[in-house]
Amino acid sequence: MNGFDYHRPETLEAAVAARAGAPDSAYLAGGMTLIPTLKQGLAEPSDVIDLAAVAGLAGIGLEVDRLTIGAMTRHADVAASAEVQRAIPALAYLASEIGDAQVRNRGTLGGSLANSDPAADYPAAVIALGARIVTDRRTMAADDYFKGLFETALEPGELIRAVEFPVPRRAAYRKFRHPASRYAVAGVFVAEIGEGIRVGVTGAGPCAFRWTALETALAGKPAPAAAETAPLDFRRFNADLHASAEYRAQLVRVMARRALANLAA
Amino acid sequence: MKLSLTVNETAHELEVAPNALLVEIIRGDLGLTGTHVGCDTSQCGACTVEMDGRAVKSCTVLAGQAQDARVTTIEGLGAPGNLHPMQTAFQAHHALQCGFCTPGMIISAIDLVKRADGRLDEAAVREGLAGNLCRCTGYHNIVEAVLAAAGQM
Ligand SMILES: Cc1cc2nc3c(=O)[nH]c(=O)nc-3n(C[C@H](O)[C@H](O)[C@H](O)COP(=O)(O)OP(=O)(O)OC[C@H]3O[C@@H](n4cnc5c(N)ncnc54)[C@H](O)[C@@H]3O)c2cc1C
Ligand code: FES
Ligand code: FES
């Protein structure tokens, strides 16, 4: 691993200033992606700015129709949270299915979203619930946030503070898990919210996306069979040694059907 | 940089490199070689230690992230003649063969039992230990040992 200086700021302002002061620096959340990346030499930051001691970045707050989760909140804490289990049980379930216990004890919501791994779980929920990503400088709609493979709308140095999830009437998540890495080969989050049902897909494309054709076909009703016939363009889906694009498309249909069946149950 | 942390109830003040890993400090600086490095890629769990009450993969924790932390390694659990119930159960159920995965497996298993509130069954143990790989046993006896120890902790 390359050498770097380590910083542990205690305020948001100090963290953002430290990052801005060193163009090749990187924020560190739980390190569950960043540290392996450092070991592989895929990132060589001059300075690592640990967000662990920054006040106000971790925690969960529930207002009537909105659940706010701080960027530094660990997956294990989201999974175990009584507020999350009450307001959006599907989100607590999703967090409990991420990686393994040790990963959930360190990995964070903010780190997962900043990284935007195509196979990460949280992006499906963020997209389906129409969450808002609150940073040090603005608030972004989920639909504007994911841009491509490991690419988001975050500017250099922009720090995610929290994510605001609207509380849906009902929601469900199903993923087909890679048996070794446990990431989603395909994952579908469905949420009955506002006028209709929103569908967020992860694992299949370069980044999480809404399956709007299925949303239209459902017209607000959780009809699992619609997932078998709604148009799904898989030309840009991921294809690797684990699954071809066509197979991922099939998995998306099956996960959507199961999630919708769960929603209807 | 300066690092202060408590390992197995002993406080340490160390001078470490900012890019040192917690596992390197435990094994190198402190000579506690019960914690193993199997993969160094965050997959196998052989390096699992308890840090501030949670099981973590110490190959994926930077020195600075352990500042002021309380760490427990396998050496801190029990001693010959006075083993932790989980260690005794692993012995009684023949839950190890080469033993390489065992220190991390035992730390994870204790963490799992502590969090489970008495609601553990075979499926929950297998799921809960997913971050710890064993190349020898096929897991069967590990699951039995954890369930047996859960009743005694
Ligand atoms: C073995 C293993 C299995 C896993 N399985 C899964 C899985 O099944 N599903 C899944 O979804 N994920 C999985 N993960 C990933 C895990 O969920 C982590 O949350 C994810 O890697 C992000 O890690 P982190 O939060 O520790 O962030 P870090 O690794 O610390 O940071 C990741 C990136 O985000 C940036 N960053 C961090 N926080 C912020 C912030 N607040 N604002 C701006 N930028 C920030 C960092 O600079 C870095 O570039 C797995 C990881 C491992 C090691
Ligand atoms: S050595 Fe740390 S997970 Fe394998
Ligand atoms: S006993 Fe050999 S790896 Fe588990």
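For the structure itself, look to the data block above.
Each chain has its residues counted from 1, running along the sequence as written. As they are written, the chains are lettered A onward and the ligands numbered 1 onward, keeping that order. Selection of residues for local features in this predicted model requires a pLDDT of at least 70, selection of side-chain atom pairs for listing and counting requires 80 or more, and totals for whole chains, interfaces and linings are taken over all residues. As a rule here, side-chain values come from all non-hydrogen atoms in the structure, and water together with hydrogens is ignored.

**Observations regarding the nonpolar core**
Residue and element names in this part refer to chain A. We apply this condition: What is meant by a nonpolar core is a set of buried Ala, Val, Leu, Ile, Met, Phe, Trp, Tyr and Cys residues, joined one to another through side-chain atoms within 4.5 Å. Relative accessibility thresholds used throughout: buried, under 20% of the residue-type maximum; exposed, over 50%; partly exposed, between the two (1.4 Å probe, protein chains only). Per the convention used, a helix needs a DSSP run of H or I reaching at least four residues, while a strand needs a run of E reaching at least two, with both numbered from the N terminus.
Grouped together as the largest cluster of nonpolar side chains are 40 residues, with contacts concentrated most on Leu91, Leu113, Tyr122, Phe165 and Phe189. The leading source of residues in this core is helix H8 (residues 122-129), at seven residues. Counting residues in each nonpolar core, the second largest holds 28 residues, with Val201, Leu214, Ala243 and Ala249 among its members.

**Some points on the sheet that holds strand E3 (residues 47-50) of chain A**
All names here are of chain A. Filter applied, for reference: Here the rule is simple: two strands pair whenever DSSP picks up at least two bridges between them. Here an axis means a line fitted to C-alpha atoms, over the contact stretch when the element is a helix, while the angle between two N-to-C directions is reported on a 0 to 180 degree scale. Here a residue-residue contact requires only that any non-hydrogen atoms of the pair lie within 4.5 Å.
Ordered in space as E1-E3-E2, the three strands form an open sheet in which the pairing is parallel. Lying at the two open borders of the sheet, with one neighbouring strand each, are strand E1 (5-7) and strand E2 (26-28). For this sheet the average axis-to-axis angle between neighbouring strands, irrespective of direction, equals 30°. Inspection of the sheet shows E1 paired to E3 by three bridges, in the parallel sense. Bridge pairing in E3 links Asp5 to Asp47. Across the sheet, helix H1 (residues 12-21) lies against E2 and E3, angled at about 145° from E2, the strand it touches most.

**Regarding the site of ligand 1**
Stated precisely, the cut-off is as follows: One heavy atom suffices: a residue is near a molecule or strand as soon as one of its heavy atoms comes within 4 Å of it. In the analysis that follows, any N or O atom pair within 3.5 Å is treated as a polar contact, provided that within protein one partner can donate a hydrogen and the other can accept it, and provided that, for residues neighboring in sequence, both atoms belong to side chains. In this classification, the charged set is Asp, Glu, Lys and Arg, the nonpolar set is Ala, Val, Leu, Ile, Met, Phe, Trp, Tyr, Cys and Pro, and all remaining amino acids, among them Gly, are polar. Per the annotation, domain bounds derive from an automatic or database assignment of domains.
Around ligand 1, the structure places 29 residues, and the nearest of them are Tyr27, Thr33, Leu34, Thr108 and Arg182 of chain A. More than a single chain frames ligand 1: its nearby residues are located in chains A and B. Gly99 of chain A is positioned with one of its backbone polar atoms (N or O) 3.0 Å from an oxygen atom of ligand 1. Counting only elements with at least two residues in the shell around ligand 1, the list comes to E2 and helix H7 (109-115) of chain A. Broken down by element, the residue count for the shell around ligand 1 peaks at three residues, all from H7 of chain A. Of the residues belonging to the shell around ligand 1, the class tally is 14 nonpolar, 11 polar and four charged. Both domains that furnish three or more residues to the shell around ligand 1 are identified here as domain 1 (5-50) and domain 2 (60-264) of chain A.

All quantities given are derived from atomic positions and should not be read as evidence of function.
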